[in-house]
Each structure stands twice: as C-alpha cells, then as structure tokens.
Amino acid sequence: FNAVVNAPDGTILIRTYDDDSSVTVIAKGTADSLRMDKVWRPLAAGAAMHIGHDGTVGDATPGQFLEASTWVNDTVSIANRTLQDAVDQLQQWYGTKVVVLDSTLLTRPVTIQAPMSSATAAIAAIEKSANVKFGYEGQGMVFRDAEQKR
C-alpha cells in the first residue's frame, strides 16, 4: 500500500519493520492528515493511525501507540503481544536470540517496557510478564516455564 502524510510542521513518527504487517503513524504537530488511496483522514496532534497490511486505516490502539512512540525515548515497548512476538522483538531491538523450549508457551501474553540499552532488563520484564524463566541450554539462551521443575 501507499500512504501520504501531510505534516505542515514536519513532525511525525512512523513505525514499521520488514516483518511487520502494519504501519503506525503518530502526529506530533498540528493540522496533520493521512491519505490512503484517495481518501484524506484528519490526524490531530498526538493522535495515531494504524494502517493494516490490507490497507485498512483506523485509530491506533493504546498498545500500538505505545509501541510506535516510545522508541524515540530509548524505550522498547511490547504491548499485548505473544511470547513469540516478544522473542522476535528481543532479536530485532537487542540482537539477542532467546529460544522458547516449550512451544506451548509461545502464546502467553506479554506487555513490557524496557530501556533500549539493556537486553537484561527486557529479558527480566518478559520473565515477569509471561511467567517464564531465563536460562541457558548449553551455549544458547532459553526461556522455560517458570513453574516447571528442572
């Protein structure tokens, strides 16, 4: 899809990655608008629009807004995602590959905020949010069920 964002003061935030299925646009200035196809939509200062992979446009959820906006403040936010998504985000933001040994854990919900400068803080937040335990299997980093006895 193609989108045009009109930002007279030139201040917008856009979040998308190759593996994302959507784009979130946040207006930081005033009198902004977004055009998808031939339809212009107002985008008020501080508001956010979410563009789905199929081109649908709607207001961003609070989680989408959080994920799209906090990186400019050196914070990684993962909002209402699965453990699988969180593990993928660890790789993307921190270059840290952590494997989940039990695939049944991958659907557990995760919501975190962590400094971009600390993969350790992100891992600790994921442990708490998803009720998993970080450790090592040989040389590889892993998450296990926190309730599981070893």
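Above: the structure in question.
Throughout what follows, the structure given in this document is the object of discussion. In this text the structure is predicted, and so the values were computed from the model without any measurement. (Residues numbered from 1 in each chain as written. Predicted model: local features only at pLDDT ≥ 70, side-chain atom pairs only at ≥ 80, totals over all residues. Heavy atoms only, no water.)

### Description of helix 2 (residues 83-94)
Part 1 of the reasoning: Between its first and last C-alpha atoms helix 2 spans 16 Å; for 12 residues at 1.5 Å apiece the expected length is 16 Å, and the two agree.
Part 2 of the reasoning: Within the span of helix 2, buried status applies to L83, A86, V87, Q89, L90 and Y94. Buried residues along helix 2 cover an arc of 160° about the axis, so they all sit on one side.
Part 3 of the reasoning: In the stretch just after helix 2, G95 is the one whose phi turns positive, near 70°. (Helix = DSSP H or I, 4+ residues; strand = E, 2+ residues; numbered from the N terminus. Expected span 1.5 Å × (residues − 1). Buried < 20%, exposed > 50% of the residue type's maximum accessible area, 1.4 Å probe, protein only. Arc of directions from axis to C-beta.)

### Quick look at the sheet that holds strand 3 (residues 22-27)
Part 1 of the reasoning: Ordered by their spatial adjacency, four strands build an open sheet running 2-3-6-7, and the pairing between neighbours is antiparallel. Of all strands in the sheet, those bounded by a partner on one side alone are strand 2 (12-15) and strand 7 (57-59). Strand-to-strand, the axes of this sheet are offset by a mean angle of 20°, without reference to chain direction.
Part 2 of the reasoning: With five bridges connecting them, strand 3 and strand 6 (residues 48-52) associate as antiparallel partners. The residue of strand 6 that forms the bridge with S22 is G52.
Part 3 of the reasoning: Strands in contact with helix 1 (residues 62-69) are strand 2, strand 3, strand 6 and strand 7; relative to strand 3, the strand with the most contacts, it is inclined by about 80°. (Pairing = 2+ DSSP bridges. Axes fitted to C-alpha atoms, helices over the stretch in contact; angles between N-to-C directions. Contact = heavy atoms within 4.5 Å.)

### Let's talk about the packing of helix 2 against helix 3 (residues 119-130)
Part 1 of the reasoning: The contact between helix 2 and helix 3 brings their axes to 11 Å, and the two run at 175°. One way to sum up the angle between helix 2 and helix 3 is to call them roughly antiparallel. Contact with helix 2, carried on its side by L83, A86, L90 and Y94, involves A119, A122, I123, I126 and A130 of helix 3 and no other residues of that element.
Part 2 of the reasoning: Considering only residue class, the contact of helix 2 with helix 3 consists of nine nonpolar, no polar and no charged. (Parallel < 35°, antiparallel > 145°, perpendicular 65-115°, else oblique. Nonpolar A, V, L, I, M, F, W, Y, C, P; charged D, E, K, R; others polar.)

### Observations concerning the pattern of salt bridges
Part 1 of the reasoning: Scanning the entire structure with this criterion turns up four salt bridges.
Part 2 of the reasoning: The partner of E127 in a salt bridge is K133, with the nearest N and O atoms 4.0 Å apart.
Part 3 of the reasoning: Judged by its relative accessible area of 19%, E127 falls in the buried class. (Salt bridge = Lys/Arg side-chain N within 4 Å of Asp/Glu carboxyl O.)

### So, unusual backbone geometry
Part 1 of the reasoning: The backbone of D74 shows a phi angle near 60°, a positive value even though the residue is not glycine.
Part 2 of the reasoning: Along the chain, the position of D74 falls in the loop between helix 1 and strand 8 (75-82).

### Some thoughts on the sheet that holds strand 12 (residues 140-145)
Note: strands within a sheet are paired through backbone hydrogen bonds, in either parallel or antiparallel orientation.
Part 1 of the reasoning: Taking strand neighbours across the sheet as the criterion, the three strands line up as 9-12-11 in an open arrangement whose pairing is mixed. At either margin of the open sheet sits one strand with a lone partner, and together these are strand 9 (98-100) and strand 11 (132-137). Strand-to-strand twist in this sheet, taken as the mean axis angle between neighbours without regard to direction, amounts to 35°.
Part 2 of the reasoning: Across the sheet, helix 2 touches strand 9, strand 11 and strand 12, and the angle it forms with strand 9 is around 165°.
Part 3 of the reasoning: Across the face of the sheet, helix 3 comes into contact with strand 9, strand 11 and strand 12 while running at roughly 130° to strand 11.

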